[in-house]
Amino acid sequence: MSPRPKNIRKVNNMPSVAGFRPVISNNSCEETIFLHFEEYETIRLCDYEMKTQQEASISMGVSRPTLSRIYTSARQKIAKAFVCGAAIMIEGGVSYTNSEWFRCGSCGFLFNNINPALKIRKTVCPVCLSEDIHTSNININKNKIMMKIAIPTRDNVIDNHFGHCEYYTILTVGQDNQILSSETIPSPQGCGCKSNIAGELEGMGVSVMLAGNMGQGALNVLTAHHIKVIRGCSGNILNVATDYLNGKIADSGIGCSSHEHHQCHSHNE
C-alpha cells in the first residue's frame, strides 16, 4: 500500500541563505544536515517571531500536531548539526510559497525556482522553452494532489545517470492526471544508492521515479522508500510524464550494467 500523501505546507518567507557551515570543527564530521523549507519556517515562526504553535500552524496551513512534529524535527536537526559540527543545507520538503514561482506567458505552465534560497530566477519554461516568464502566486488545492513524480533531469530532458543528474524535477499531479506544477531540487551529485536523495524525495511526497539508467542498489533504496521506479525512459521530461500518466510507459526492467537503450517501453509493445 502506498503511503498517504503529505499535505503541502505554506512557507511565507524563504530563507535568505542556502545553509550554514561550521567555522572550525574538531570533529571529522562530513555529514550535511538537510533542513526542509517547512522546518525552517517553523523555526522562523516559533523561535524568531515568537508565535505560538497554534498561530504558526494557521500560518502554514497545517494542523497543530503536524506543526509540532515539523518543529521538533527541525530542532533535532539543528541540535545535531551544532553538536556534531555538521553543515546545514536548507532545501526540499513538502512545501510551497507564494513567491519564487513563475508562470509561462506562452503556455501558462507554473513552475518554481531551481534554488529559491539563492533567489536565482529561472528564465526558461520547462515545457515550451519560452522566455516569456512572469512571477506568479500559486493556489494549489492540496486536497486535489494525487501524486508527485520525480525525474532526474539535465537540460530539460531525462538524465540517463540517476545519481549524477544536474537536478531533479518534481511534478505535482492532480486527481484528473493533469500536471499542476513543476519544481526542481539540486542533485547531491553522487552515487544514488549512497546519497540521501531517496529519503529527501520520500519526504517531499514523491511516489514515482521516471528514470533512464539505474543500478540495482539505487533501485533497492528507492523501493525501500516507497518510490516506484520506471526505468528505460528518455526525452523531454513533460512528454515522458504525460505518457506515463496516460498508461503508455512501463518499467523496462533493465539495470545499469545491462542497459542497452533508453527508450520508454509502452504497454502495447
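The shown structure was predicted, so the numbers you read here are calculated from the model rather than taken from an experiment. (Residues numbered from 1 in each chain as written. Predicted model: local features only at pLDDT ≥ 70, side-chain atom pairs only at ≥ 80, totals over all residues. Heavy atoms only, no water.)

Asks: Sorry if this is basic, but what is going on with the sheet that holds strand β3 (residues 32-35) here?
Replies: Across a sheet, strands are paired by hydrogen bonds formed along the backbone, either parallel or antiparallel in direction. Pairing in this open sheet of 3 strands is mixed, and the strands run β2-β4-β3 from one edge to the other. Of all strands in the sheet, those bounded by a partner on one side alone are β2 (19-20) and β3. The pairing of β3 with strand β4 (residues 87-90) spans 4 bridges and is parallel. If you follow Ile33 over to β4, its bridge partner there is Ile88. Along the sheet face, helix α1 (residues 37-48) touches β3 and β4 and points at about 75° away from the line of β3. In the packing of helix α3 (residues 64-84) onto the sheet, the strands contacted are β3 and β4, and the crossing angle to β3 comes to about 160°. (Pairing = 2+ DSSP bridges. Helix = DSSP H or I, 4+ residues; strand = E, 2+ residues; numbered from the N terminus. Contact = heavy atoms within 4.5 Å. Axes fitted to C-alpha atoms, helices over the stretch in contact; angles between N-to-C directions.)

Asks: When you look at the pairing of strand β11 (residues 167-174) in this model, what are you seeing that I'm missing?
Replies: Walk down a regular strand and you will see the side chains alternate between the two sheet faces. In terms of residue burial, β11 counts as a mostly covered element, since 8 of its 8 residues are buried. Of the two faces of β11, both are covered, the one formed by Tyr167, Thr169, Leu171 and Val173 as well as the one formed by Tyr168, Ile170, Thr172 and Gly174. Bridge count between β11 and strand β12 (residues 179-186): 7 bridges; the pairing is antiparallel. Bridging from a neighbouring strand, Thr169 pairs with Thr184 of β12. From the end of β11 to the start of β12, which pair antiparallel, there are 4 residues, and Asn177 there has a positive phi angle of about 65°. (Buried < 20%, exposed > 50% of the residue type's maximum accessible area, 1.4 Å probe, protein only.)

Asks: Just checking my understanding: could you explain the nonpolar core for this structure?
Replies: One recurring pattern in soluble globular proteins: nonpolar side chains tend to sit buried together. Ranked by internal contacts, the top residues of the largest apolar core, which has 24 residues, are Ile149, Ile151, Leu210 and Tyr244. Elements represented by at least two residues in this core include exactly β6 (101-104), β9 (145-154), β11, β13 (208-210) and α6 (237-245). Examining the composition of this core, we find that 6 residues originate from one element, α6, more than from any other. Among residues more than four places away in sequence, those in contact with Leu210 are Ile149, Ala150, Ile151, Pro152, Ile158, Ile230, Cys233, Val240, Ala241 and Tyr244. Of all hydrophobic cores here, the second largest spans 20 residues; its members include Tyr40, Val62, Ile88 and Ile90. (Core = buried A, V, L, I, M, F, W, Y, C linked by side-chain atoms within 4.5 Å.)

Taken by themselves, the reported measurements are silent on function.
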